[in-house]
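Okay, here's what each chain looks like letter by letter:
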Amino acid sequence: TQTVSQSDAHVTVFEGDSVELRCNYSYGGSIYLSWYIQHHGRGLQFLLKYYSGNPVVQGVNGFEAEFSKSDSSFHLRKASVHWSDSAVYFCAPMPNYNVLYFGSGTKLTVEP
Amino acid sequence: DAGVTQTPRHEVAEKGQTIILKCEPVSGHNDLFWYRQTKIQGLELLSYFRSKSLMEDGGAFKDRFKAEMLNSSFSTLKIQPTEPKDSAVYLCASSFPGGVNYAEQFFGPGTRLTVL
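Conventions adopted
Residues numbered from 1 in each chain as written. Chains lettered and ligands numbered in written order. Predicted model: local features only at pLDDT ≥ 70, side-chain atom pairs only at ≥ 80, totals over all residues. Heavy atoms only, no water. Helix = DSSP H or I, 4+ residues; strand = E, 2+ residues; numbered from the N terminus. Rg over C-alpha atoms; globule rule 2.2 N^0.38 Å. Buried < 20%, exposed > 50% of the residue type's maximum accessible area, 1.4 Å probe, protein only. Contact = heavy atoms within 4.5 Å. Areas by Shrake-Rupley, 256 points an atom, 1.4 Å probe, with all protein chains shown as cover. Lys, Arg positive; Asp, Glu negative; His and termini not counted. Charge placed at Lys NZ, Arg CZ, Asp CG, Glu CD. Salt bridge = Lys/Arg side-chain N within 4 Å of Asp/Glu carboxyl O. Polar contact = N/O pair within 3.5 Å; in protein donor to acceptor, adjacent residues only side chain to side chain. Disulfide = S-S within 2.5 Å.

Visitor: Describe the overall build of chain B, listing the residues and the values that go with them.
Guide: Per the secondary structure count, chain B includes zero helices and eleven strands. Sequence-ordered secondary structure for chain B, helices as α and strands as β, is β-β-β-β-β-β-β-β-β-β-β. In terms of overall dimensions, chain B is globule-like: its C-alpha atoms have a radius of gyration of 14 Å, near the 13 Å expected for 116 residues. Considering only C-alpha atoms, chain B reaches an extent of 45 × 30 × 25 Å along its principal axes. Within chain B, the fraction of its 116 residues that count as buried is 47%. Counting contacts in chain B only where the partners sit at least 6 residues apart, residues at least 24 apart contribute 55% of the total. Summed over its atoms, the accessible surface of chain B is roughly 5800 Å², and 49% of this surface lies on carbon and sulfur atoms. Counting 13 positive and 13 negative side-chain charges, chain B places the centres of these two groups 4 Å from one another.

Listed below in structure tokens is the structure:
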């Protein structure tokens with residue numbers, strides 16, 4: 001079974017802290033991996049993607065993610081979070097065509 | 001450029017009614033997707049169109065859900081008849097299948113459907 005797993009349903013940090021949101025997947029072969037953000041009551045917004053090359057990719061608003069083939073992971077990180085980063089984050093592999101398969105999401109809460 | 005537009009933003013229906021949700025993709029995008037989002041099931045793909053051709057439909061949704069792409073700039077999702085378990089947020093997304101934006105989907109704000 002091909003799956004995507006976001007092990008943390010909720011993460012709470014303080015403003016200025018660093019954060020890592022975890023994503024593991026089980027799709028084989030070379031695939032696109034991406035992260036999306038969803039603020040409350042809104043649609044999803046693309047953050048970043050990886051396919052090949054440098055395993056660390058930069059996204060918008062200071063986010064970056066690191067691909068690890070050995071761990072089958074694509075974790076999202078930010079060095080210093082802001083209250084506006086509070087949202088739900090979705091990891092989304094794309095194993096075929098242009099179809100994304102979304103994880104269950106991690107709700108990030110940034111406390112002041 | 002305008003993003004993905006979805007109407008209505010909110011819909012309340014009685015059980016058994018027919019409802020139609022509308023989506024206008026980003027101008028020039030060839031791919032269009034419909035998703036259903038619930039707290040329990042998360043994001044589920046309902047339909048995927050490429051250049052108006054249906055590429056994939058969520059097998060579990062075939063019986064009462066029908067998405068159509070009437071032209072390259074307009075799509076509808078019909079639910080007939082509605083059931084209370086259809087209460088969810090329905091998201092439309094579009095993308096251009098090539099270039100630097102390959103694999104990036106642009107999402108609309110969603111339609112929140114409540115079936116009584």
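There's more to say after this.
Visitor: Report on the interface of chain A and chain B, specifying residues and quantitative values.
Guide: Residue-level contacts link 17 residues of chain A with 22 residues of chain B. For the pair chain A and chain B, the number of links is one salt bridge. With its nearest N and O atoms 3.2 Å apart, the salt bridge here joins Lys49 of chain A to Glu104 of chain B. At the boundary of chain A with chain B, the tally comes to five residue pairs in polar contact (both at pLDDT 80 or more).

Visitor: How would you summarise the environment of Leu100 of chain A if you had to cite specific residues and measurements?
Guide: The residue Leu100 of chain A is located in the loop between strand 10 (87–94) and strand 11 (106–111) in this model. Placed 22 residues apart in sequence, Leu100 of chain A and Lys78 of chain A show a C-alpha to C-alpha distance of 23 Å. Those residues in contact with Leu100 of chain A that sit more than four places away from it in its chain are Ser34, Tyr36, Ala92, Pro93 and Met94 of chain A together with Tyr35, Ala103 and Gln105 of chain B.

Visitor: Mind laying out the pattern of salt bridges, listing which residues take part and the relevant values?
Guide: Residues and elements named next belong to chain B. Counted by the stated rule, this structure contains eleven salt bridges over all chains. A salt bridge links Glu83 to Lys85, with the nearest nitrogen and oxygen atoms 3.6 Å apart. The exposure class assigned to Glu83 is partly exposed, which follows from its relative accessible area of 25%. Three or more residues joined by partner-sharing salt bridges are found here, namely Arg36, Glu44, Arg64, Glu83, Lys85 and Asp86.

Visitor: Please set out the state of the cysteines residue by residue, giving values where relevant.
Guide: Taken as a whole, this structure holds two disulfides over all chains when the rule is applied. Bridging Cys23 of chain A to Cys91 of chain A, the disulfide has an S-S length of 1.9 Å. When the S-S torsion is -65°, as for the bridge of Cys23 of chain A with Cys91 of chain A, the disulfide is left-handed. One end of the pair, Cys23 of chain A, is in the loop between strand 3 (19–21) and strand 4 (24–25); the other, Cys91 of chain A, is in strand 10, and 68 residues separate them in sequence. Judged by relative accessible area, Cys91 of chain A falls into the buried class, the value being 0%. Shown here is the disulfide that connects Cys23 of chain B with Cys92 of chain B, its sulfur atoms set 1.9 Å apart. Judged by the sign of its S-S torsion, about -70°, the cystine formed by Cys23 of chain B and Cys92 of chain B is left-handed. Separated by 69 residues along the polypeptide, Cys23 of chain B in strand 3 (residues 19–24) and Cys92 of chain B in strand 9 (residues 88–95) bring together distant segments of the chain. For the pair formed by Cys23 of chain B and Cys92 of chain B, the shared burial category is buried.

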